[in-house]
Amino acid sequence: MVFVIPTYVIKPTVIIAFLISSQWLYAQLNDSVPQKPTQDKIKKGWNFGVLPVLAFDTDLGFKYGGLTNLYYYGDGSIYPRYKHSLYFEWTRTTKGGGVNQFIYDSEYLIPKIRVTAEASLLTEKTLDFYGFNGYEAYYNPGYADPDEAAYISRVFYKYDRKLTRLKLDLQGNIRGRELRWFAGFTHFNNKVQTVDIDHLNKGKSGSDILPDTALLYDNFVEWGIIPNDQKSGGITNMLTLGVVYDTRDNEPNPMKGIWSEVLLLSCPSFLGSDVGYNKISLTHRQYFTLKKEMLNFAYRLSYQARISGTVPFYMLPYVYDSKQMRDGLGGAKTIRGILRNRIVGEDFIFGNAELRWKFMKRTIINQNFYFALMCFTDFGKVTKGYKMNTSNPETIAYLAKGSEESLHVSYGGGLFIVMNQNFVMAATYGMAANKKDGNNGLYLGLDFLF
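Residues numbered from 1 in each chain as written. Predicted model: local features only at pLDDT ≥ 70, side-chain atom pairs only at ≥ 80, totals over all residues. Heavy atoms only, no water.

(A) Structural context of the overall build of the protein. If you tally the helices and strands in the protein, you get 4 helices and 18 strands. Based on the C-alpha atoms only, the size of the protein along its principal axes is roughly 70 × 50 × 35 Å. Across the 450 residues in the protein, those meeting the buried criterion constitute 53%. Restricting to contacts in the protein with at least 6 residues of sequence separation, those with at least 24 account for 66%. Working note: accessible area of the protein is about 19,400 Å², and carbon and sulfur atoms make up 59% of it. For the protein, the centre of its 50 positive side-chain charges and the centre of its 42 negative side-chain charges are spaced 8 Å apart. (Helix = DSSP H or I, 4+ residues; strand = E, 2+ residues; numbered from the N terminus. Buried < 20%, exposed > 50% of the residue type's maximum accessible area, 1.4 Å probe, protein only. Contact = heavy atoms within 4.5 Å. Areas by Shrake-Rupley, 256 points an atom, 1.4 Å probe, with all protein chains shown as cover. Lys, Arg positive; Asp, Glu negative; His and termini not counted. Charge placed at Lys NZ, Arg CZ, Asp CG, Glu CD.)

If you want it as C-alpha cells, here you go:
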C-alpha cells in the first residue's frame, strides 16, 4: 500500500501541490533506484492511492476533502487487471457545496458478469449554465467579470443544483470478453433553483458581495425558455440497453485495440420519470501503438441524439457511455479548455485525439510507477438544437446576439503519474480556440480521458 499526496482542484495552490508531489516522486526515482527501465512487480492483495483536496473560491469558500481508489488484485495472476475497484470521494465547501460519491467495479462479484455501481450526492451551489445550442447562446464574459463595464454578477452564468444519482450497470459476454451485452438502470433526482445569493454573501464585505440581480437562469425561466414544470428539476429513471465491442489490451491506458458501443437510453414515464424520452449514444474509441510500451495514439468519436419524447432542460447536458455519465460538453471530461456545459443541445457530436508518451518507468517504494506526457485536440458541435419558446420579445432579442452554431475546438496537453497501471493522477491544461468558448482550463484529477 502507498499514499500518494498531490491534490485535485483547479486553483494555483493545487498546481503547486501537484508539482511538489511530482518532484518528490522524481527525486525518489533518481535517488533510490538505478536509472534503467524495470519490469512491473506483480501486485497482490489490496492497493490504493489517495488525493487530498484543498482550494479556495471567492464565492464558494474553502474546499476540502479527498478521494481514494482501492484496488484488489487477489493473487496477482490477472495483474494489471484487478478483481475489485472501490472509488470514494468526499469534498465540501464552507458555503455548502459538496461531493459524496462511491463507485464500485468488478468482474468477480457475480461470475462472468461485470458489475458497476454508483451512489452519488452532488451539491453544486454554482453549476455552470450558458444556455442552449452552442454559439447560438450568447456569451459575454464581461457579465461575470467585476472589472468590466458590462458586469452583472460573478455567478451570472450559474445556477444551483442538488443531484442524487443511483446507478447499476451490468455487462456479460456474448463472444468472449470482446463482444458484450450491456444493461443498466440509473435514477436521477435533479433539484434546481437559482443561486442562493444571500447564502453566498454571508461573511462577505466590499467588492466580494454578490449583487442581488437576475441571472441567466432566472431570465430563461421568466422568458419561458425553461418551462415552469421543469424549472425546479425533476426525477428521471433511465433504462440502458446496448452492445459493447472491446479489444483493449489495458483499460486505463490502452496501447492497442478498439472500444466501441451502441447504447439505447429510455426514460419512460411509467417508471416514474417526470418527463419521458428516448436517446441513442454511439461511441467509438481506437488505440494505436507507435512505439512499443512508450508511445501511442488514441481517439474517441461520439454521437448522441434524441429519438423521441422531450428531454427536460436539466437532463440535456449529460454525456453517456458504458463507463460513466458526465456533464458536458465542455470541461475536464469532454472538451478540455472550453467552458463546462458550454455546448448543450438535443443532439451533438464530439471527439478527442491524444498522443501519449510514457517517458519514464520505475519501481519505487515497492510500487510500479510511470510518468507520461500527452498532447490533445478536442472538438464538439450541437447537431440539433433545443427548441426554445420565442413568444417573448426578450427571447428574440437574446437570440439575435448569438451566432450560428459551428465546430467548437480546443487543444492542450497533460502530465500523468500512474501507479500500478490503474491509479492515474492527471494534470491537464486546455485552451479554447474561440474566445466565445472561454479561455483555458486546468484540470487535476484521476484517469486518462478515455
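(B) Fine view of the nonpolar core. F132, F220, M238, F313, M315 and Y320 are the most contacted members of the largest nonpolar core, which totals 47 residues. Looking at this core, the elements that each hand over two or more residues are β5 (113-128), β6 (158-175), β7 (179-193), α3 (216-223), β8 (233-246), β9 (257-267), β10 (277-291) and β12 (318-320). Sorting elements by how many residues they give to this core places α3 first, with 5 residues. When residues no more than four places from it in sequence are discounted, the contact partners of F132 are A137, F220, I225, I226, F313, L316, V344, Y386 and M388. Core analysis: the second largest hydrophobic core is formed by 17 residues, L51, L67, Y71 and F369 among them. (Core = buried A, V, L, I, M, F, W, Y, C linked by side-chain atoms within 4.5 Å.)

(C) Looking closely at the environment of L86. Assignment of secondary structure puts L86 in strand β3 (residues 84-93). Among residues more than four places away in sequence, those in contact with L86 are W46, T68, N69, L70, F102, I103 and Y104.

(D) Expanded view of a nonpolar patch on the surface. There is a patch of nonpolar side chains on the surface, built from L54, F56, F62, Y64 and W90 and spanning about 540 Å² of accessible area. Sorting the residues of the nonpolar patch by element identifies β1 (46-57) and β2 (61-72) as the ones contributing at least two each. Mapped onto the elements, W90 comes out in strand β3. (Patch = residues over 30% accessible without salt bridge, like charges linked within 9 Å, V, L, I, M, F, W, Y side chains within 5 Å. Salt bridge = Lys/Arg side-chain N within 4 Å of Asp/Glu carboxyl O.)

(E) Quick look at the environment of Q324. Inspection of the secondary structure puts Q324 in the loop between β12 and β13 (325-327). Relative accessible area serves as the criterion here: at 22%, Q324 is assigned to the partly exposed category. Sequence separation between Q324 and G131 is 193 residues; the distance between their C-alpha atoms is 24 Å. Beyond its immediate chain neighbours, meaning those up to four positions away, Q324 contacts K167 and V319. A distance of 2.9 Å separates polar atoms of two side chains, one belonging to Q324 and the other to R326. (Polar contact = N/O pair within 3.5 Å; in protein donor to acceptor, adjacent residues only side chain to side chain.)

(F) A look at unusual backbone geometry. Here the residue pair Y79 and P80 is connected by a cis peptide bond, since its omega of 15° sits within 30 degrees of zero. Residue position: P80 is located in the loop between β2 and β3. The phi dihedral of I365 falls on the positive side, at around 40°, and the residue is not glycine. One can find I365 in the loop between β14 (347-364) and β15 (367-384). Owing to a relative accessible area of 41%, I365 belongs among the partly exposed residues under this scheme.

(G) How the structure looks around the pairing of β9. Bridge count between β8 and β9: 8 bridges; the pairing is antiparallel. From the neighbouring strand, G242 faces β9, where its bridge partner is L263. Note: β9 against β10, 11 bridges, orientation antiparallel. Following the sheet pairing, S266 is matched in β10 by N278. (Pairing = 2+ DSSP bridges.)

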